[in-house]
Amino acid sequence: MTRNIQAVDYLILGGGSAGCVLAARLSEDPSKTVLLIEAGRDITRDSMPKDIRARYPGLAYLDRANIWPTLEARISGAPDTKGKQALRLYEQGRVLGGGSAINAMVANRGALDDYDEWGRIGAEGWDGETALRYFRKLERDVDFDNEYHGKDGPIPVRRLPANKVSPFVQAVKRTLVAQGYPARDDQNGLWEDGVFPSCITVSDDGHRVPASVGYLTDEVRARSNLTIQTGTHALKLTFDGKRVTGAVVARDGEDPCPIPAGETLVTMGGIHSCALLLRSGIGPAEELQSLGICSRHDLAGVGKNLMEHPLIAVSTYLPPALRMQDLEEHHDQALLRYTSSISDAEAGDMHCAILGRTAWHGIGQRLGTILVWVNKAFSRGEVRLRSADPRVEPEVDFRLLSDPRDMERLKEGFRLAAKILSNPDLKQVCGPVFPTSYSERVKRVSAPGPWNAFQLRLFSKMLDWAGPLRNLLIHTVVTKGISLRKLLADDRGLEGFIGNSVSGVWHASGTCRMGAPDDPMAVTDGGGRVLGLDGLRVCDSSIMPSIPRANTNLPTMMLAERLADVIKANEDAGLSGT
Ligand SMILES: Cc1cc2nc3c(=O)[nH]c(=O)nc-3n(C[C@H](O)[C@H](O)[C@H](O)COP(=O)(O)OP(=O)(O)OC[C@H]3O[C@@H](n4cnc5c(N)ncnc54)[C@H](O)[C@@H]3O)c2cc1C
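Residues numbered from 1 in each chain as written. Predicted model: local features only at pLDDT ≥ 70, side-chain atom pairs only at ≥ 80, totals over all residues. Heavy atoms only, no water.

Next up on the list: the overall build of the protein. Tallying secondary structure elements over the protein gives 19 helices and 22 strands in all. A compact globule built from 578 residues should have a C-alpha radius of gyration of about 25 Å, and the protein, at 23 Å, falls within 12% of that. Seen through its principal axes, the protein has C-alpha atoms that stretch 70 × 50 × 50 Å. Taken across its 578 residues, the protein has 61% of its residues classed as buried. (Helix = DSSP H or I, 4+ residues; strand = E, 2+ residues; numbered from the N terminus. Rg over C-alpha atoms; globule rule 2.2 N^0.38 Å. Buried < 20%, exposed > 50% of the residue type's maximum accessible area, 1.4 Å probe, protein only.)

Glancing now at the packing of helix H4 (residues 112–121) against helix H5 (residues 128–138). Across the interface, H4 lies against H5 with an axial gap of 7 Å and an inter-helix angle of 125°. Comparing the axis directions of H4 and H5 gives the class oblique. Of the two elements, H4 crosses H5, and the hand of that crossing is right-handed. For the pair H4 and H5, contact is made by Leu112, Tyr115 and Asp116 and by Gly128, Ala131, Leu132 and Phe135, respectively. Taken together, the residues of the contact of H4 with H5 break down into 5 nonpolar, 1 polar and 1 charged. (Axes fitted to C-alpha atoms, helices over the stretch in contact; angles between N-to-C directions. Parallel < 35°, antiparallel > 145°, perpendicular 65-115°, else oblique. Left-handed = near helix turned anticlockwise from the far one by under 90°. Contact = heavy atoms within 4.5 Å. Nonpolar A, V, L, I, M, F, W, Y, C, P; charged D, E, K, R; others polar.)

As a further point, take the pairing of strand S15 (residues 311–317). The buried count for S15 comes to 7 of 7 residues, which makes it a mostly enclosed element. Side chains Leu311, Ala313, Ser315 and Tyr317 project from S15 onto one buried face, and the interleaved Ile312, Val314 and Thr316 project onto a second face that is buried too. As defined by bridge partners, S15 adjoins strand S18 (residues 367–374) across 7 bridges and the pair is classed as antiparallel. Residue alanine 313 lies in a different strand from S18, and its bridge partner there is leucine 371. Note: S15 against strand S21 (residues 433–436), 4 bridges, orientation antiparallel. (Pairing = 2+ DSSP bridges.)

With that out of the way, let us pick up the side chain of lysine 411. Position of lysine 411 among the secondary structure elements: in helix H12 (residues 404–421). Residue classification places lysine 411 among the buried residues on the basis of a relative accessible area of 2%. A distance of 3.3 Å separates polar atoms of two side chains, one belonging to lysine 411 and the other to glutamate 408. Excluding its chain neighbours within four sequence positions, the residues that come into contact with lysine 411 are Asp491, Leu494, Glu495 and Ile498. (Polar contact = N/O pair within 3.5 Å; in protein donor to acceptor, adjacent residues only side chain to side chain.)

It is worth spelling out the site of the ligand at this point. Neighbouring the ligand are 38 residues, the closest being Ser17, Glu38, Ser541, Thr552 and Asn553. Alanine 18 is positioned with one of its backbone polar atoms (N or O) 2.9 Å from an oxygen atom of the ligand. One of the side-chain N or O atoms of tryptophan 68 is found 3.3 Å from an oxygen atom in the ligand. Surface burial for the ligand is 96%, taken as the share of its 1000 Å² of free accessible area covered by protein chains. Contributions of two or more residues to the shell around the ligand are made by helix H1 (17–26), helix H3 (99–102), strand S10 (232–240), helix H9 (269–279) and helix H19 (553–572). Looking at side-chain class alone, the shell around the ligand contains 13 nonpolar, 21 polar and 4 charged residues. (Near = heavy atom within 4 Å. Areas by Shrake-Rupley, 256 points an atom, 1.4 Å probe, with all protein chains shown as cover.)

Take the packing of aromatic side chains next. Summed over all chains, the structure comprises 7 aromatic pairs. Note on phenylalanine 414 and phenylalanine 497: the rings are 5.9 Å apart at their centroids and 55° apart in plane angle, and the pair reads as tilted. Here phenylalanine 414 is found in helix H12, whereas its partner phenylalanine 497 is found in helix H18 (residues 491–501), with 83 residues between them in sequence. If you follow arginine 562 out to its NZ or CZ, it ends over the ring of tryptophan 126, 4.6 Å from the centre. (Phe/Tyr/Trp six-rings, centres within 6.5 Å; stacked < 30°, edge-to-face > 60°. Lys NZ or Arg CZ within 6 Å of the ring centre and 35° of its normal.)

This next bit is on the sheet that holds strand S6 (residues 155–159). Spatial ordering of the open sheet is given by S5-S6-S8, a layout of 3 strands whose pairing is mixed. Among the strands making up the open sheet, the edge pair consists of strand S5 (139–141) and strand S8 (199–200). Strands in contact with H5 are S5 and S6; relative to S5, the strand with the most contacts, it is inclined by about 75°.

Within H9, 11 of the 11 residues are buried, which leaves the element mostly enclosed by the surrounding structure. Buried within H9 are the following residues: Gly269, Gly270, Ile271, His272, Ser273, Cys274, Ala275, Leu276, Leu277, Leu278 and Arg279. Looking one or two residues beyond H9, the residue adopting positive phi is glycine 281, at roughly 95°.

This part takes up the packing of H12 against H18. Relative orientation of the contacting elements H12 and H18 amounts to 105°, with a least axis distance of 10 Å. Our classification of the angle between H12 and H18 gives roughly perpendicular. In this structure, H12 contributes Met407, Leu410, Lys411, Phe414 and Arg415 to the contact, and H18 contributes Asp491, Leu494, Glu495, Phe497, Ile498 and Gly499. Its residues assigned to classes, the contact of H12 with H18 shows 6 nonpolar, 1 polar and 4 charged.

Attention now moves to the UniProt feature "domain: Glucose-methanol-choline oxidoreductase N-terminal" (unreviewed entry) in the protein. Mapped onto the present numbering, the UniProt feature "domain: Glucose-methanol-choline oxidoreductase N-terminal" (unreviewed entry) falls at residues 93–116. The span residues 93–116 shows a helical share of 38% and a strand share of 0%, and its end C-alpha atoms are spaced 29 Å apart. (UniProt positions renumbered as here; feature names shortened; annotations may be inferred.)

Written out as structure tokens, the structure reads:
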């Protein structure tokens, strides 16, 4: 089928959160042809599998059919058991809808100042007011009707009703408020510290709304100027001098074929967008030449500035009365936003997610957890190619906590979470408090499957029956001898534990960052145009120059909404592809 494809006005490579927004918005003009290419399979409102559709989001990303199965990353540089830097599976969506089809559906925007900061860094046209306009455009907030919210966008946003919040999360919220953190209603309103109900993107009937459903509705899919081609990989870009003329793509099982386009928009996500540019010869020339890739455009910043939010966790055993009863319900039920004590802390630079259950299985149901992450991280990593072969995943090195300010804040957050869960009011009703992390071991034993399910069920029953021996069981089997008391008493020990146990939150971004034309590390301008080339834009999470104080899905969709308007305005001004 790809062989007969005609030249299109807009070729969109990658049908994730951003790609679906752009396909829907750019095809609103019937005179423009749009082709959306996605490596994964299609999902629609009717065909969404149960684990993707579910309001409890903890299974979708564990299914290898929904992710890039061989993508791995170095998280913090901590060694594995053989002394090498440990590589861990890094889940990224490979399905129409991308991250929005497998993520936890948490709907945070960050501070408007995050987008003012984009402008300050040199991304022309960006500021908080502009971002707010597009946040409003993308959402249908069912709870609030004020200057912060939209009422008729494609993505429904709602907070968990109070009667759905688990007894454990309610108890943690009460403890936080008693300790002086103000209770607030809307974390997407005025940017303030406090304790908030979680906000998620689910439909009125309680289903996930990925961008492939919210934006690519039946009506949009019926447009004759829009073609959506799934099961198709973008291999590399094609050129005529300094103009990008389209891309070579290959449908599963078919030969590669070029697709000519007026403008090519790369929306393959925080890791794969820069990899496509690098494979195509756009990036640091020396790095590319060492892999035998002909350098077409020397751009030092491609693959650099990789950003994530570093995370650590503290958990407690929940007796039956404190557990979530409705296992279909979303588990991330409240958040604490606070400002750290480092000298240059930005307001609300720390985020604690309060979980009513920690995983899909029996043990997860018995653990209440506070996830702590640095919401304005300073550490930066990079993505490099290992090979020119598009089948080989790139080398991803997050270098989380390489900036000491991130380590300081994560230690402080860990101490705070431990203090909250060890509060006498909570300790009276919960079990032992202990450190947790999303380690490879946890991933391995949490993978869905009958053998794991059997073992986990057995162990969860043992936890219930253990009574006074529960602490010992947790100490030996769960934490493998690491004790909270010892960590809290020994700063170096705590630093070592956090360095080894830190994980990300799947918010990879920044690797084709926006900036001013004279900034040597900028890759794109404020409209996503790749500097120094014609006909090419990057329009997804990879162009964020700094990480917003938020999970990155809504910010990515906001960004794509704005860029769709920028692209349309350029067309009106006769500037297509320039
Ligand atoms: C497990 C998980 C949980 C998360 N939880 C949350 C959350 O609760 N809230 C939140 O706000 N954010 C969350 N995020 C982050 C958020 O989903 C992402 O930041 C967002 O989806 C990024 O959008 P994107 O368009 O940049 O990339 P993506 O949505 O990843 O889209 C990229 C698309 O390009 C496709 N692609 C890649 N390479 C190729 C190729 N060669 N050819 C063709 N297609 C290709 C991919 O298959 C994918 O569909 C989570 C992410 C994950 C993975």
